[in-house]
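# Residue-level structure breakdown
For reference, the chains in residue letters:
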Amino acid sequence: MSEPLNQSIRARLDSLNERIQRACNNSGRDRQDVTLIGVSKTKPAEDVAEAHRLGLTNFGENYLQEAVRKIDELQELNAQWHYIGAIQSNKTKDVAKHFDWVHTVDRVKIGQRLGSQCPEGKILQVLVQVNIDADPKKSGCPASQTPALVEELMRLPCLEVRGLMAILSQSSDPRASYESVAQLHRDIRSGLKPERQQKWDSLSMGMTGDMEHAIAAGATHIRIGTALFGDRS
Ligand SMILES: *Cc1c(COP(=O)(O)O)cnc(C)c1O
């Protein structure tokens, strides 16, 4: 017999919260400065609703069609939705319409499209994905070109450019790589005008397997799927 669905999400969330708290303690960070994003890709809307009942308000999705269905179904939840999948330029309109945050902007063209297709009155929160390990198989802007991309994106309408996001290579040393992302974030910040610096405040990094390293390096948003919703099979 398997345990009831809601009980297992509750149990996983309890141990996940302990794990996050421990990582914060170990690195002298305030738990409130780390936002847990529940990555619900491939999981049914009822799992998201259950996590929301347990207090989670931020959710991440990778696949647009699946995400839009779930977001529509869960409209009354008052959740924040984070788009964390690869973006093709023909998909920007749906991303701008349905999501609050976009973590995967890695070229100016995508930013231009998001900015011009954003619904009236909406401001999209944007993170620039950096290919920190220079992995040819991964998307993301090369680290050396990231400051210039940030500057260009900040000139566009309807976007609030908040920081960096990274997905590591299989072979990377998570501690060193997450530190490099954090250092790049600080370097970019020091080049911004003072009024821009305040909103340049976000680092999306860390998944189920490596969140401790990400929190130690200063992650403000961790993207957790498996440890919350279980295996994706
Ligand atoms: C799937 C995914 C996650 C969550 O991964 P887990 O290892 O299941 O926690 C985080 N970020 C991105 C970009 C993902 O695609």
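Keep in mind that this is a model prediction, so the values were computed, not measured. (Residues numbered from 1 in each chain as written. Predicted model: local features only at pLDDT ≥ 70, side-chain atom pairs only at ≥ 80, totals over all residues. Heavy atoms only, no water.)

## Observations concerning the pattern of salt bridges
For clarity, the threshold we go by: Any carboxyl oxygen of Asp or Glu that lies within 4 Å of a side-chain nitrogen of Lys or Arg is treated as forming a salt bridge with it. Each residue's exposure class comes from its accessible area (1.4 Å probe, protein chains only) as a fraction of the maximum for that residue type: buried when under 20%, exposed when over 50%, partly exposed otherwise. Secondary structure elements follow DSSP: runs of H or I of four or more residues count as helices, runs of E of two or more count as strands, with numbering from the N terminus.
Following the criterion strictly, the structure yields 9 salt bridges and no others. Here Arg155 ties to Glu151 by a salt bridge, and the two come within 3.5 Å at their closest N and O atoms. On the basis of relative accessibility, which here comes to 61%, the residue Arg155 falls in the exposed class. Looking at Glu151, the relative accessible area reads 48%, which means it is partly exposed. With its nearest N and O atoms 3.6 Å apart, the salt bridge here joins Glu160 to Lys199. Residue Glu160 is located in strand 7 (residues 159–165), and its partner Lys199 is located in the loop between helix 8 (194–197) and strand 8 (202–204); the two are separated by 39 residues in the primary sequence.

## Topic: the site of the ligand
Worth spelling out the cut-off: Only heavy atoms are used to decide nearness, and a residue is near a molecule or strand if one of them lies within 4 Å of it. As used in this structure description, the phrase polar contact means that two N or O atoms lie within 3.5 Å; if the pair is within protein, one of them must be able to donate a hydrogen and the other to accept it, and residues adjacent in sequence are counted only when both atoms belong to side chains. The Shrake-Rupley method, run with a 1.4 Å probe, gives the accessible areas here. Residue values count only the displayed protein chains as cover. Residues are grouped as follows: Ala, Val, Leu, Ile, Met, Phe, Trp, Tyr, Cys and Pro are nonpolar; Asp, Glu, Lys and Arg are charged; all remaining types, including Gly, are polar.
Lining the immediate surroundings of the ligand are Val39, Lys41, Asn62, Ile84, Ile167, Met207, Thr208, Arg223, Ile224, Gly225, Thr226 and Arg232. Between the ligand and the protein, one listed contact pairs an oxygen atom with a side-chain N or O atom of Thr226 at 2.6 Å. Measuring from an oxygen atom of the ligand, one finds a side-chain N or O atom of Arg232 at 2.8 Å. About the coverage of the ligand: the protein hides 90% of its 390 Å² of free accessible area. Looking at the shell around the ligand, its residues break down into 5 nonpolar, 4 polar and 3 charged.

## Regarding the pairing of strand 9 (residues 221–224)
Put simply, the rule is: Two strands pair if DSSP finds at least two bridges between them.
Burial along strand 9 is two-sided: His221 and Arg223 facing one way and Ile222 and Ile224 facing the other are all buried. Taken together, the 4 bridges between strand 1 (residues 35–39) and strand 9 define a ladder with parallel strand orientation. Bridging across to strand 9, Thr35 finds its partner in His221.

## What to know about the nonpolar core
Inside soluble globular proteins, nonpolar side chains tend to come together where they are buried. Which entries qualify depends on this criterion: Joining through side-chain atoms within 4.5 Å is the link that ties buried Ala, Val, Leu, Ile, Met, Phe, Trp, Tyr and Cys residues into a set, and such a set is a nonpolar core. Working rule for contacts: check all heavy atoms of both residues, and any pair within 4.5 Å makes them a contact.
Counting 67 residues, the largest nonpolar core has Leu114, Leu164, Met205 and Ile222 as its most contacted members. A total of 6 residues in this core trace back to one element, the largest contributor, which is helix 1 (residues 5–26). For Leu114, the contacting residues outside a window of four places in its chain are Thr92, Val95, Ala96, Val102, Val105, Leu124 and Leu159.

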